[in-house]
Amino acid sequence: MSKIGLVLTREYTTRVRKRSFIIMTILMPALMAAMMILPTYFMTQDDTKERHIAVYDGSTMLLGQMESNQYTKYTFITKEAYDGLKDHLKDSPYYALLVIQPNLLNTNTVQLVSANNIPFDVKNQVQNKIKSIIEKEKMAAVIKETNIPDLEARIKATKTNINVNTIKLGESGEARKSSTEIGMILGYVFGFVIYMFILLYGQMVMQGVMEEKQSRIVEVIISSVKPFELMMGKIVGIALVGLTQLSIWIVLGFMIVSGARGLMPGAHHADTAQQIMAQTQANMPAEMDKMQDIIGMLGSVNFPLIIGCFIFFFIGGYLLYSSMYAAVGSAVDAQEDAQQFMMPIMLPIILAILVMMSAIKNPEGPVAFWFSIIPFTSPVVMMARIPFGVPIWQLLLSMVALIATFVGMVWGAGKIYRTGILMYGKKVSWKELGKWLTYRT
Amino acid sequence: MELFSAHEVSKSYSDFKALSDVSISVEEGSVFGLLGPNGAGKTTLIRIINQITAPDTGTLTFNGKPMKADDIYRIGYLPEERGLYKKMKVGEQALYLGMLKGLSRREAMRELKIWFEKFEIISWWDKKVMELSKGMQQKVQFICTVLHKPKLMIFDEPFSGFDPINAELLKDEILRLKREGATIIFSTHNMESVEELCDHIALINKSKKILDGPTLNIREQYKSNIFDVAYKGDFQSLEGKIGTRYAILEHTEQARNNTLKIQFSEGGNSGALIRDLVEHVEIVSFNELIPSMNDVFIKVVKQNS
C-alpha cells in the first residue's frame, strides 16, 4: 500500500470506529425522525378525555344543533342556568362554558370560558361546528331568496385553482417547465450540505493536525512520510469519514421517511383517520395535481448536472477549506491560539450561507453572480443557483477559479504545514505564516 | 566502510543560519555522537538526514551513493520530541508505524511479536497509549524505531524521560544493536553516555562543526598533561625540590600513600616527570588524567563563543 494510502486508512478507520462517530451517525437520524414523527404522532393521538361543555345560546340560532361526539358533550342551558353558572364554573361539573351572544351574525364571535387551558382541538371543534351551522343557515336563506335550489352545487362548481407553470427557455430555445419551489429546495439543501460539511469536517481536519502536533508523534511520522502526503492523507481520509456518515444518514433518512409514511394513516383510530380524510378531501384534487406537477418538474430538473456539480463543488470547497484548516492546525500549539486564525476562515463560509439565502430568491442578481464565481463562497452559492440554470460560461469560470484557488491553497497550506508541525512554543503571527510560504523544503 | 556522509551541508531559515558547511562521516557499525549545546543545529542536521527537510546546499550519501528518497526505509529515527497517538491502541499503532517504514503487515506483525516478547509487554497490545506510563510509552516508541531493522539508527536524546533502570535497559539494547552491526547516530547532552557508547563524535556549535574525531583521540587531544600520582614519601620536601618546575594542583596526605595531581608545562614530558619524582619519593602509581567528554565539551564550546 502506498504511504498516503496508509495514512488515509488510519485516519478513516480510527475515526469511524470511534464511539462518538457511531453514536452521532445513529443518533442524528433518530433525532431528526423523532422531531418529525413525534409531534405528528401526538397530534393524531386521540384526546380521550371526556369533556362536558355547557352552551348558552343567546342567539337561539344553534339550539339543539351542537351535536355531541364520543368525548365532547354539549349541553344547552337556559339563561337562568347560565346566570347561575357563570360565576361558579369552577365548581360545576362542566369543563367549559360556550357563550353565544344574540348578535352572533354581526360579530362572528363566541366565547369559550373555562377554568382550564382549552386545547387547540376543542377550540377547533367548536369553531368548525358553529361555522358549518351558520354557513348552512345563510345558504338556506340565500336559496330561499333567490329560488335556486342547486345553488350550493353551482357555487362549488365555480371554485377554481390556478397553477402557474414557470417555463424557462433553454439555450437552444426549447421551453422547459421549471419550478421555482423545487429550485429553491434543491439549492438550499445542496448548498447547506456543503456548508455543514466544510464546517464540521474542516474543523475535524484541524483537530487531527493539532492532535498530531500536540502528541509530538508528527516528527516520527514525517520521518517516513512526506508532510504533504500526511496532510493529504488526513484531508482525504476525513472526507471519506464524512461521506460515510452522509451516506448512512441518507439511507437511514429514506428508511425512516418511508417507514413513517407507512405508519402514519390507518394505524390510529378509524375515527381520527376519517377526520383527517374529511379535512383533506376538499383539497384532494388540488393535492393530486400538485403531486403530479412536482413529479413532472422533478423530471425537468437536470439531475445529472446538479449531482455532477454538487460532487465537484463539494470536493473543491472541502479541499479548499480543509487545507486552510490544516495549515492553521499546524501553526498553533493549542486550541486557544487557533482562534485568531479561525475567524478569517469562518467568515467567508458564513458569508456564503447568508448570500445563498438571497441567491435562492434571486439567482441571477449581481450578488448571486459574483459570490458564485469567487472561490471561497462559490461552492455554497453556486449550488444554490444551479437548479435554476446557470449559463455554462459562468459555471466554467467558477469551476476554473475554484480549481486554481484550491490548488494554490493546498500548495500553500502544505508549505505552512511542513514548517508549522515542527514549530513549538512560538506564538505565530500572520506575518510569520507568510514567511513560511517562502521557506524551501 | 562509510555508511553515511554529509558534505558541506548548509541550511538557513530566513535570516537564521541553522547549519553552515557541516560535514560528517559515519562509519558502518559505529556509534557516532552528535554533540552540541541547545540550538546549535543538531536537530536540523538530524532532520536533514531523515529527509524531513532538505539542505540549501551540500550533499548527502548513503551506502556510498547519493541519498535518495527510498533510503528513509533504512533509517530509524527516535526524535527528541516524541509521542504516540494517545487514543490509538499500542499494537495497532506499532503496526502502523512499521508499515509506514515499508514493512508489510505480516513482517511488522512478526517483528513486533519478537520485540514485545523480549520487553515482556505483550499484554499492552490492546491497551490505549494513554493508559501507559511515560516510560512504558518510551519503550513502545523505541521498538517502533528499530522495528524495520534500519541500517542507520538515529537517537535524539534517547534517555530523556527514562528512569535509571529503563535507561540502563535502553543502553544495553543500543549496545546490543551495535554489536549486531547497526550504525547509530546518537545525539545527547549526557556526556557520560557519550564516553560509554560513542566511537566517534562531532561537536556542533552555532551552526558550525567545531570538533570531529574518534572519542578517544579527542580526549587524548584535550588532555592537559595532568597526572595522578600515589607515592610514599614526604610532601613538603618533594614540593621544595620540584614545585618550581611543575604545577601541583592538588595533594592529600594519607596513612598509606600520599597522592597528588601534578601538571607539567609546555615542553615537558611524562618521562622527565617520572624521573624527577623517582629521585625524591617512591612511586606507587602513576596515571595520566584524560579529560572527560564533559570537560572537553565545556572547554571547546567556551573557546568558540
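Residues numbered from 1 in each chain as written. Chains lettered and ligands numbered in written order. Predicted model: local features only at pLDDT ≥ 70, side-chain atom pairs only at ≥ 80, totals over all residues.

Peer 1: Help me understand the pairing of strand 1 (residues 2-13) of chain B, please; the structure alone is not making it clear to me.
Peer 2: The two faces of the sheet receive side chains in turn, since in a regular strand these alternate between them. Residues and elements named next belong to chain B. Direction of pairing for strand 1 relative to strand 2 (residues 16-27): antiparallel, over a ladder of eight bridges. Following the sheet pairing, Phe-4 is matched in strand 2 by Val-26. Connecting strand 1 to the next strand, strand 2, in antiparallel fashion are two residues, including Ser-14 with a positive phi near 50 degrees. Pairing of strand 1 with strand 4 (residues 57-62), which is carried by five bridges, proceeds in the antiparallel orientation. Within strand 4, the residue paired with Ala-6 across the bridge is Leu-60. (Pairing = 2+ DSSP bridges. Helix = DSSP H or I, 4+ residues; strand = E, 2+ residues; numbered from the N terminus.)

Peer 1: I tried to follow the interface of chain B and chain A on my own but got confused; where do I start?
Peer 2: How large an interface is tends to be reported as the accessible area lost when its parts come together. Of the residues lining the interface, 22 residues belong to chain B; the matching set on chain A comes to 18 residues. The element best represented in the side of chain B that touches chain A is helix 2 (residues 90-100) of chain B, accounting for four residues. (Contact = placed C-beta atoms within 7 Å.)

Peer 1: Looking at this structure, I do not really get the domain arrangement of chain B. What am I missing?
Peer 2: Domain boundaries assigned for chain B yield domain 1 (2-220) and domain 2 (224-289). Between the C-alpha centres of domain 1 of chain B and domain 2 of chain B the distance comes to 45 Å. (Domains from an automatic or database assignment.)

Peer 1: I tried to follow the sheet that holds strand 4 of chain B on my own but got confused; where do I start?
Peer 2: Sheets are built from strands that pair by backbone hydrogen bonding, the pairs being arranged parallel or antiparallel. Residue and element names in this part refer to chain B. Spatially, four strands are ordered 2-1-4-5 in an open sheet, and the strand pairing comes out antiparallel. Only two strands of the sheet have a single partner each, and these edge strands are strand 2 and strand 5 (65-66). Its contacts with the sheet put helix 1 (residues 42-49) on strand 1 and strand 2, and the angle it makes with strand 2 is roughly 60 degrees. (Axes fitted to C-alpha atoms, helices over the stretch in contact; angles between N-to-C directions.)

Peer 1: Help me understand the environment of Val-140 of chain B, please; the structure alone is not making it clear to me.
Peer 2: All names here are of chain B. If you trace the backbone, Val-140 turns up in helix 4 (residues 134-146). Sequence separation of Val-140 and Trp-115 is 25 residues, and the distance between their C-alpha atoms is 9.4 Å. With near-sequence residues (within four places) excluded, Val-140 lies in contact with Leu-84, Val-90 and Ala-94.

Peer 1: Quick question: what am I supposed to make of the packing of helix 14 (residues 366-373) of chain A against helix 15 (residues 378-385) of chain A here?
Peer 2: Packed helices, taken two at a time, are described by the angle between their axes plus the distance between the axes. Residue and element names in this part refer to chain A. Across the interface, helix 14 lies against helix 15 with an axial gap of 7 Å and an inter-helix angle of 130 degrees. One way to sum up the angle between helix 14 and helix 15 is to call them oblique. The handedness of the crossing between helix 14 and helix 15 is left-handed. Side by side, helix 14 and helix 15 meet where Ala-368, Phe-371, Ser-372 and Ile-373 of the first sit next to Ser-378, Val-381, Met-382 and Arg-385 of the second. Of the residues belonging to the contact of helix 14 with helix 15, the class tally is five nonpolar, two polar and one charged. (Parallel < 35°, antiparallel > 145°, perpendicular 65-115°, else oblique. Left-handed = near helix turned anticlockwise from the far one by under 90°. Nonpolar A, V, L, I, M, F, W, Y, C, P; charged D, E, K, R; others polar.)

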